[in-house]
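A look at the structure
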Amino acid sequence: MADRATLEDLVRLQGERVRALKQQKASAEQIEEEVAKLLKLKAQLGPDEGKQKFVLKTPKETLTGKYGEDSKLIYDLKDQGGELLSLRYDLTVPFARYLAMNKLTNIKRYHIAKVYRRDNPAMTRGRYREFYQCDFDIAGQFDPMIPDAECLKIMCEILSSLQIGDFLVKVNDRRILDGTFAVCGVPDSKFRTICSSVDKLDKVSWEEVKSEMVGEKGLAPEVADRIGDYVQQHGGVSLVEQLLQDPKLSQNKQALEGLGDLKLLFEYLTLFGIADKISFDLSLARGLDYYTGVIFEAVLLQPPAQAGEEPLGVGSVAAGGRYDGLVGMFDPKGRKVPCVGLSIGVERIFSIVEQRLEALKEKVRTTETQVLVASAQKKLLEERLKLISELWDAGIKAELLYKKNPKLLNQLQYCEEAGIPLVAIIGEQELKDGVIKLRSVASREEVDVRREDLVEEIRRKTSQPLCIC
């Protein structure tokens, strides 16, 4: 066996080779092969007796081979001692790793956290290199399509409650895609790369996608044409039933399973009352490699330019799908835990809301405060503190300026800038009369309210839903 110094040199050189391959955008298979060699060398190296030992260590190279062609968007970090690390690309792969590490087989959870993409930022469209995602996932062995339908119901509830405009949720199934590729004559080795091309149909024309398939990826033109006949179709459950009778797809086991599940899914979506928001779209591919079944993506729609035209999609705001094999990739014994989940693009939503409010010339509320406690004269800090304490005790969200004698104009301007809807004004005359002057910031209307009735009046005036922020 080589001595330790020699092995350390080999580990360092192999680590450099892996990094070079990743920088060259080598294939995932080649990278995985070299990573396996690196891990084998490190196993031979064994523990360093002079260093601290840890009971548990997060698996390395968690992100390798999970994202297909999107792997080029992963942020790689410089390693120390030959160890390969990356910033997390999404919240799904870390969740799957967590399930495997803790031997969990049944869980429902949501998670809001930052992720990172080595992408070209587009601020106006809410696309950043560092941003937040909100994920919801259901893990466990359940009857077909019930958790999937719940995820779609949740997605529709979220987008409806945000009031960001009309939206459409596209659904498809990876098994239908793979079955379609098979019956059209796509070689098995090209399934994933052709899938990535199809996924661009929401951004570019079929002619451009076909050109990429044939010119860049070596697909025969007649095979691409056969794919085009399928992937340009979209509709509802009637399209599912039509494809179940398709002479080619009906003979493919994978496609038949996917179509059967989609038909069942539409039954559940109808019961949930959201079938009108769902479109079966054969062009939806979702470029991530870990999806195994149903996939979905929500897009916002803009009104048609002319009467009779279909609404246009203005961008994806949420997506997800089923990934039954991902947990098993991290489990030492390969035990699988079926999972389905969705992801909401938080910054994308914020960007759309801000644009909408700007177009309507509305201010974005930066606080949930219902009322500012203000004074009209000097030396009324004690009275302001007494009143705000009463409001806090009653569960009213109230603020005051942290100054002894603030000018009334400054207090009113603060409310306008922060979007606080009401001002409770204390003055010497109000104290004598046992009332509080309650001012609406928007209308500038003022009414005298008896002190004992103030809490109820504030609740009444702020019970109407405010603009989304």
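Here goes a summary of the coordinates provided.

Reading the values: rules and limits
Residues numbered from 1 in each chain as written. Predicted model: local features only at pLDDT ≥ 70, side-chain atom pairs only at ≥ 80, totals over all residues. Heavy atoms only, no water. Helix = DSSP H or I, 4+ residues; strand = E, 2+ residues; numbered from the N terminus. Buried < 20%, exposed > 50% of the residue type's maximum accessible area, 1.4 Å probe, protein only. Contact = heavy atoms within 4.5 Å. Areas by Shrake-Rupley, 256 points an atom, 1.4 Å probe, with all protein chains shown as cover. Salt bridge = Lys/Arg side-chain N within 4 Å of Asp/Glu carboxyl O. Polar contact = N/O pair within 3.5 Å; in protein donor to acceptor, adjacent residues only side chain to side chain. Pairing = 2+ DSSP bridges. Patch = residues over 30% accessible without salt bridge, like charges linked within 9 Å, V, L, I, M, F, W, Y side chains within 5 Å. Lys, Arg positive; Asp, Glu negative; His and termini not counted. Charge placed at Lys NZ, Arg CZ, Asp CG, Glu CD. Axes fitted to C-alpha atoms, helices over the stretch in contact; angles between N-to-C directions. Parallel < 35°, antiparallel > 145°, perpendicular 65-115°, else oblique. Left-handed = near helix turned anticlockwise from the far one by under 90°. Nonpolar A, V, L, I, M, F, W, Y, C, P; charged D, E, K, R; others polar.

What the chain contains, in helices and strands, is 15 helices and 15 strands. Looking at the chain as a whole, 44% of its 469 residues are labelled buried. The contacts in the chain between residues at least 6 apart in sequence include a share of 65% that link residues at least 24 apart. Entry remark: accessible area of the chain is about 25,500 Å², with carbon and sulfur atoms responsible for 51%.

Along the polypeptide, Ala-113 turns up in strand S3 (residues 107–116). Separated by 22 residues in sequence, Ala-113 and Leu-91 place their C-alpha atoms 7.6 Å apart. With residues up to four places along the chain from it excluded, the contact list for Ala-113 reads Arg-88, Leu-91, Phe-131, Tyr-132 and Gln-133.

In this structure the tally under the stated criterion is 28 salt bridges. Among the ionic pairs, Glu-383 bridges to Lys-386, the shortest N-O distance being 3.7 Å. Note that Glu-383 and Lys-386 are positioned in helix H12 (residues 381–393) at a spacing of three residues, about one turn of the helix. By relative accessible area, which is 46% here, Lys-386 ends up partly exposed. Overlapping salt bridges, with partners in common, bring together Asp-9, Arg-12 and Glu-16 in one network.

Further remarks concern the side chain of Lys-217. Mapping Lys-217 onto the fold places it in the loop between helix H7 (206–216) and helix H8 (221–231). Separated by 2.8 Å, the side chains of Lys-217 and Ser-197 make a polar contact.

Okay, the pairing of strand S5 (residues 167–173) next. The side chains of a regular strand alternate, residue by residue, between the two faces of the sheet. Counting buried residues in S5 gives six out of seven residues, a clear majority hidden from the surface. The sheet contact formed by S5 and strand S8 (residues 294–302) spans seven bridges and is antiparallel. In the sheet register, Val-169 faces S8, and the bridge partner there is Ala-298. The pairing of S5 with strand S7 (residues 278–281) spans three bridges and is classified as parallel. The residue bridging Val-171 from the neighbouring strand is Phe-280, located in S7.

Let us now look at a positive patch on the surface. Positive charge collects at one region of the surface, where Lys-378, Lys-379, Lys-403 and Lys-407 lie side by side. By the secondary structure assignment, Lys-378 is in the loop between strand S11 (371–375) and H12.

With that settled, consider the sheet that holds strand S13 (residues 422–426). Ordered in space as S12-S11-S13-S14-S15, the five strands form an open sheet in which the pairing is mixed. Two strands bound the open sheet, and with one partner strand each, they are strand S12 (398–399) and strand S15 (446–450). The sheet strands contacting H12 are S11, S12, S13 and strand S14 (435–440), and the helix crosses S11 at an angle near 160°. Each of S11, S13, S14 and S15 touches helix H15 (residues 454–461); the most contacted strand, S14, lies at about 10° to it.

As a further point, take the packing of helix H6 (residues 191–198) against H7. One way to put it is that H6 packs onto H7 with a least axis distance of 9 Å and a crossing angle of 160°. Comparing their axes, H7 and H6 come out roughly antiparallel. Where H6 crosses over H7, the handedness of that crossing is right-handed. Between H6 and H7, the contacting residues are Ile-194, Ser-197 and Val-198 on the first element and Val-209, Glu-212 and Met-213 on the second. Looking at the contact of H6 with H7 residue by residue, the classes come out as four nonpolar, one polar and one charged.

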